[in-house]
Amino acid sequence: MKKNKKKILNLKKIKKCPICKSKNLFVISNIKSKIKDIGSKFNLIKCSNCSHRAISKIPKEKFLKNLYMNDSPLVFGGAHSELRLKKDFIAGNFEKVEPYQNHWIFNYIDKKKGNYFELGPGVCRLYKTFFDRGWKCQGLELRSFIKAPGIKNDFKKINNKIDVAIAFDVLEHVIDPIKYLKSIKKKIKKGGKIFLTFPNSDSFKSRILKDKWAMVSPLAHIHYFSEQSTKIMLRESGFEILFIKDFSYVIVRRLIRNIFKLPLFFIKDLINLEFKNIINRLIEVFLNILDLIKGDQFKVVAKKI
Ligand SMILES: [Zn+2]
């Protein structure tokens, strides 16, 4: 860990847009991280040309890879959900992972079987879905506790001729998304498809909350994509976009339930003289409604050309 701390000072300032290469970058705000080693070292920056957002400095690629391999709190933020995920996976193992009954990506897949490749399959639910349907599955996962048939920890070990590649919540974590997509492309068959999800910087949450947006969390998330930067990124890396849409993680049912509960909470806040809570609750509901209109995530389907 001592070694890591020393190296983190070795950050490189971003001088041009990582996507469109424009030098017209400006600082939106300073990011105040709860992670001690991150502190206020990073600004949130935006490209005036393509609206891409990013953190102002990036670490070396090898250093970042090591953080993921060691489950470092610098990239996982010591998140409890991550620890729980690890525990569940070890307890349950791959055989017990529950596949999805259906998933939106099947609307874009014509083949019944083929070669499947997933980057960062995590708890492997989608991976298991394809595995159970008889697809030949490969996955790239740096976290060593995730073990399943076909999961490898080195990109070089992944076989070519992929029909379907998945990178959900991956591109925001990598230093150079275009370079990364180009290397995946080499493994995909011509006409093969790639499915992506990542944070949407055009969203209301991103634009209103700026560095307070939950997605802004160095060093885990480096990039926040606009629709324009997404289009440039995929064109530059040799893909044709078939589908792009924003989506929200807000669950409508839960939001409605929370709205109905508001008066009760207001009374509680008034009794406890917590006036600030009332404002915060209203803001949260308002932002979640906006998120349903323009969600803070993107899903993208693209084809190798
Ligand atoms: Zn740009």
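Higher on the page you've got the structure.
All residue numbers here refer to positions counted from 1 along the written sequence of the relevant chain. Owing to the predicted nature of the model, reporting of local features is limited to residues with pLDDT of at least 70; listing and counting of side-chain atom pairs is limited to 80 or more, with chain, interface and lining totals taken over all residues. For the side-chain quantities, the full set of heavy atoms in the structure was used; hydrogens and water were omitted.

Caption draft 1: Examining empty space enclosed by the protein more closely. In the cavity and pocket records, a cavity denotes points on a 1 Å grid over the protein atoms alone where a 1.4 Å probe fits but cannot get out, a pocket denotes an open set with protein on both sides within 12 Å along at least 5 of 7 lines, and lining residues are residues with an atom within 4 Å of a point. Grid points are joined across faces, edges and corners, and a volume is the space filled by probe spheres set on the points. Per the counting criterion, the structure on display carries 1 cavity of 30 Å³ or more. As a volume, the largest cavity reaches approximately 40 Å³. Lining the largest cavity, in full, are Ile14, Cys17, Pro18, Leu25, Ile45, Lys46, Cys47, His52, Arg53 and Ala54. Looking at the lining of the largest cavity, the elements with two or more residues in it are strand 3 (43-47) and strand 4 (53-55). Residue type decides the class: Asp, Glu, Lys and Arg count as charged, Ala, Val, Leu, Ile, Met, Phe, Trp, Tyr, Cys and Pro as nonpolar, and the leftover types, Gly among them, as polar. The class makeup of the residues in the lining of the largest cavity is 7 nonpolar, 1 polar and 2 charged. Secondary structure elements are taken from DSSP: a helix is a run of H or I of four residues or more, a strand is a run of E of two residues or more, and numbering for both begins at the N terminus.

Caption draft 2: Local environment of the packing of helix 9 (residues 252-271) against helix 10 (residues 275-293). Axes here refer to lines fitted to C-alpha atoms; in helices the fit is confined to the stretch in contact. Angles between the N-to-C directions go from 0 to 180 degrees. Put simply, helix 9 and helix 10 touch, their axes get as near as 10 Å, and they point 165° apart. Classed by the angle they form, the pair helix 9 and helix 10 counts as roughly antiparallel. The crossing of helix 9 and helix 10 is left-handed. From helix 9, Val252, Leu255, Ile259, Leu262, Phe265, Phe266, Asp269 and Leu270 reach across to helix 10, where they touch Phe275, Asn277, Ile278, Arg281, Leu282, Val285, Asn288, Ile289 and Leu292. Of the residues in the contact of helix 9 with helix 10, the class split is 13 nonpolar, 2 polar and 2 charged. In these notes the angle categories are as follows: under 35 degrees is roughly parallel, over 145 is roughly antiparallel, 65 to 115 is roughly perpendicular, and the rest is oblique. Two helices that cross are described as forming a left-handed crossing if the nearer one is turned anticlockwise from the farther one by less than a right angle, and a right-handed crossing if clockwise. The contact definition used throughout considers only heavy atoms, calling two residues in contact when any of these lie within 4.5 Å.

Caption draft 3: A look at the sheet that holds strand 2 (residues 25-30). Should DSSP find at least two bridges between two strands, the strands are taken to pair. Strand order across the open sheet formed by 4 strands is 2-3-4-11, with antiparallel pairing between neighbours. On the outer flanks of this sheet lie strand 2 and strand 11 (223-224), each paired with one strand and no other. Pairing geometry for strand 4 and strand 11, over 2 bridges, is antiparallel. If you follow Ala54 over to strand 11, its bridge partner there is His223.

Caption draft 4: Spotlight on the packing of aromatic side chains. Ring pairs are drawn from Phe, Tyr and Trp, using the six-membered ring of Trp, whenever the two centres fall within 6.5 Å, and their geometry is named by plane angle: stacked under 30 degrees, edge-to-face over 60, tilted for the rest. Counted by the stated rule, this structure contains 16 aromatic pairs. Judged by centre distance (4.9 Å) and plane angle (25°), the ring pair of Phe106 and Phe130 falls under stacked. Here Phe106, found in the loop between helix 4 (80-92) and strand 6 (115-119), pairs with Phe130, found in helix 5 (residues 125-132); they are 24 residues apart in sequence, far enough to count as distant. Each of the two residues, Phe106 as well as Phe130, counts as buried. For each residue, the accessible area found with a 1.4 Å probe, counting protein chains only, is set against the maximum for its type, and the residue is called buried under 20%, exposed over 50%, and partly exposed in between.

Caption draft 5: Fine view of the coordination of the zinc ion. For the zinc ion, every protein donor is listed as Cys17 (SG), Cys20 (SG), Cys47 (SG) and Cys50 (SG), and the spread of their distances is 2.3 Å. Metal donors: N, O and S atoms at distances within 2.8 Å, or within 3.2 Å for Na, K and Ca, with water omitted from the atom set so that some sites may seem incomplete. Here the donor residues of the zinc ion are spaced in sequence according to C-x2-C-x26-C-x2-C. Take Cys47: its relative accessible area is 1%, and that puts it in the buried class.

Caption draft 6: Summary view of the pattern of salt bridges. In what follows, salt bridge is the name for a side-chain nitrogen of Lys or Arg lying within 4 Å of a carboxyl oxygen of Asp or Glu. Taken as a whole and judged by the stated rule, the model has 7 salt bridges. Residue Asp163 pairs with Lys189 through a salt bridge whose shortest N-O separation is 3.0 Å. Taken together, the residues Asp163 in strand 9 (residues 162-168) and Lys189 in strand 10 (residues 188-199) connect sequence positions 26 residues apart. One network of salt bridges, in which partners are shared, links Lys111, Asp163 and Lys189.

Caption draft 7: Seen up close, the packing of helix 6 (residues 177-185) against helix 8 (residues 227-236). Look at helix 6 against helix 8: their axes get within 9 Å of each other, and the N-to-C directions meet at 40°. Here helix 6 lies oblique to helix 8, going by the angle between them. In the crossing of helix 6 with helix 8, the sense of the turn from one axis to the other is right-handed. Two secondary-structure elements touch here, helix 6 through Pro177, Ile178, Leu181 and Lys182 and helix 8 through Met233, Leu234 and Glu236.

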